[in-house]
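Secondary and tertiary structure notes
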Amino acid sequence: MFKNRKEAAIELARALEIYKNEDPLILAIPRGGVEIGYYIAKELECKWSVIIARKLGYPGQPETAFGAIAEDRSLFFNPRIRSQLTQNMIEEIIYKEEREIKRRIQIYRKGGLFPEIRGRTIIITDDGIATGATLFAIIEMCKKAGADKIIVAAPVSGPEIPELLLDIVYDVVILETPENFYAVSQAYEYFENLGDKEVLGFIERSKFKKESLKLQKA
């Protein structure tokens, strides 16, 4: 069990040291993944950004994902669950989640464009991987954008996740894969849900650090 996200991120950064010389770009999935991404980037002394995707929740059971959509409209569907829905139902849910994606882009990146990742080593990170739905959509987005190496990194996931991901990415770095995995929070002693305010706090701290470095060099 990790004490908190910071401790988990620092342990994860140690496991990712082998990629430090490749000047990787950390792509953090909001919201919990932003804290993880911030500390990994700090430890590896590399750049990071926020990448946004939303799971597509089953009507009446929003926690049950039948798929996910990334900010470039890359889609992932669970074929078993998707078959139980009509096309109209799917389109309505996609429309709703696209609105939330646009809102988050406006808040977290001030409406700015996604960073250039063509030819780069990319590390996608979150505070844990449950179904992996949003992750699959994000991986597809990064492939379309021409990433050279895609690495997925998280403190915890279900035991089946690493094998599934290794079929589609360069490397998977997951610290804990408990057999009886039922929720990301079980891996943490202290697990607080983050809101927009907390996400913006990590983004602003990162900007302040960059400005401080510029002043020192001047």
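Structure's up top.
Residues numbered from 1 in each chain as written. Predicted model: local features only at pLDDT ≥ 70, side-chain atom pairs only at ≥ 80, totals over all residues. Heavy atoms only, no water.

Here's the deal with the overall build of the protein
Across its full length, the protein holds 7 helices and 8 strands. The C-alpha atoms of the protein give a radius of gyration of 17 Å, which matches the 17 Å a tight globule of 218 residues would have. Within the protein, contacts between residues separated by at least 24 positions form 66% of all contacts whose residues are at least 6 apart in sequence. Across the protein, 32 positive and 33 negative side-chain charges occur, with their mean positions spaced 6 Å apart. (Helix = DSSP H or I, 4+ residues; strand = E, 2+ residues; numbered from the N terminus. Rg over C-alpha atoms; globule rule 2.2 N^0.38 Å. Contact = heavy atoms within 4.5 Å. Lys, Arg positive; Asp, Glu negative; His and termini not counted. Charge placed at Lys NZ, Arg CZ, Asp CG, Glu CD.)

As for the environment of Tyr170
Within the secondary structure, Tyr170 sits in the loop between α6 (161-166) and β8 (171-176). Here Tyr170 falls in the partly exposed class, since its relative accessible area comes to 49%. Placed 20 residues apart in sequence, Tyr170 and Tyr190 show a C-alpha to C-alpha distance of 31 Å. Setting aside its immediate chain neighbours within four residues, Tyr170 contacts Tyr19, Lys149, Ile150 and Ile151. (Buried < 20%, exposed > 50% of the residue type's maximum accessible area, 1.4 Å probe, protein only.)

With respect to helix α2 (residues 32-44)
Compared with an ideal rise of 1.5 Å per residue, which puts 13 residues at 18 Å, α2 spans 19 Å between its outermost C-alpha atoms and is within 8% of the ideal. Of all 13 residues that make up α2, 11 are buried, and the element is covered over most of its length. Every buried residue belonging to α2 is among Gly32, Gly33, Val34, Glu35, Ile36, Gly37, Tyr38, Tyr39, Ile40, Ala41 and Leu44, and all of these are buried. One or two residues past the end of α2 sits Glu45, with phi positive at roughly 55 degrees. (Expected span 1.5 Å × (residues − 1).)

Function-wise, these values are silent; they only describe arrangement.
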